[in-house]
Amino acid sequence: MKGRKRYLTATMADGYVKTIGPTASPFTHYWRIVAELGGGRTEVFWGHTTSLKEATKKKTATADAARQRGWERYDFEVVELVESLDPPGRR
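Below, the structure is looked at part by part. (Residues numbered from 1 in each chain as written. Predicted model: local features only at pLDDT ≥ 70, side-chain atom pairs only at ≥ 80, totals over all residues. Heavy atoms only, no water.)

Observations concerning the packing of aromatic side chains
Rules: Only centres within 6.5 Å qualify two rings of Phe, Tyr or Trp (six-membered ring in Trp) as a pair; their planes then separate them into stacked at under 30 degrees, edge-to-face at over 60, and tilted for everything else. Accessible area is worked out with a 1.4 Å probe on protein chains only. A residue is then buried under 20% of its type maximum, exposed over 50%, and partly exposed in between.
Under the counting rule described, the total for this entry stands at four aromatic pairs. Consider the rings of Trp71 and Tyr74, whose centres lie 6.0 Å apart with planes at 65°: the pair is edge-to-face. When its relative accessible area of 10% is taken as the criterion, Trp71 is described as buried. Classification of Tyr74 by relative accessible area gives partly exposed; the value is 26%.

Observations concerning the sheet that holds strand E3 (residues 29-38)
Formally: Only strands that DSSP links by at least two bridges are regarded as paired with each other. Put simply, DSSP marks the helices as runs of H or I at least four residues long and the strands as runs of E at least two long, and each gets a number from the N terminus on. An axis is simply a line fitted to the C-alpha atoms; with a helix, the fit covers only the stretch in contact. Between two such axes, the angle follows the N-to-C directions and lies from 0 to 180 degrees. What makes two residues a contact is simply this: any of their non-hydrogen atoms within 4.5 Å.
What the three strands build is an open sheet, ordered E4-E3-E5; its pairing is antiparallel. Two strands lie at the open edges of the sheet, namely strand E4 (41-49) and strand E5 (73-80), each paired on one side alone. Pairwise comparison of adjacent strand axes, ignoring direction, gives a mean angle of 15° for this sheet. One ladder, built from nine bridges, connects E3 with E4; its direction is antiparallel. Residue pairing in the sheet places Ala35 in a bridge with Glu43 of E4. Running over the sheet, helix H1 (residues 52-69) touches E3, E4 and E5 and is turned about 175° from E5.

Thoughts on the side chain of Glu77
Keep this limit in mind: Any N or O atom pair separated by 3.5 Å or less is treated as a polar contact, with the protein-specific requirement of one donor-capable and one acceptor-capable atom, and with residues adjacent in sequence counted only for side-chain atom pairs.
Within the secondary structure, Glu77 sits in strand E5. Looking at Glu77, its side chain comes within polar contact range of the main-chain nitrogen of Ala13, at 2.9 Å. Beyond its immediate chain neighbours, meaning those up to four positions away, Glu77 contacts Met12, Ala13, Tyr30, Trp31 and Arg32.

What to know about the nonpolar core
Under the convention used in this document: Definition used in this section: a nonpolar core is a set of buried Ala, Val, Leu, Ile, Met, Phe, Trp, Tyr and Cys residues joined via side-chain atoms within 4.5 Å.
Formed by Leu8, Ala10, Met12, Ile20, Phe27, Tyr30, Val79 and Leu81, the largest nonpolar core amounts to eight residues. If near-sequence neighbours (up to four positions away) are discounted, Tyr30 is found in contact with Ala10, Met12, Tyr16, Lys18, Ile20, Trp46, Gly47, His48, Glu77, Val78, Val79 and Leu81. Residues Trp31, Ile33, Ala35 and Trp71 belong to the second largest nonpolar core, which totals seven residues.

A short note on the environment of Pro22
Inspection of the secondary structure assignment puts Pro22 in strand E2 (residues 17-23). We classify Pro22 as partly exposed; its relative accessible area is 47%. As a C-alpha pair, Pro22 and Tyr7 span 15 residues in sequence and 5.0 Å in three-dimensional space. When residues no more than four places from it in sequence are discounted, the contact partners of Pro22 are Lys5, Arg6 and Tyr7.

Pasting the structure below:
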């Protein structure tokens, strides 16, 4: 099945939906950091990985980044990607 194009969808706890694709990459998980910078400002960082282990390693790096950058607080979340062959809206 190498090279097969598919769509990957992540649905976060707050209802946010992110779709990646079409892609043949072996991504399995999506991670997101919502950082509160202070003064009502927020910044969002996100990415996708090929394993849950790889994604959860980012949590340690996030704690270091929060200290270095002076974030007031942050939320880190990892969800499994759901695969489909059709683009969103065509189901």
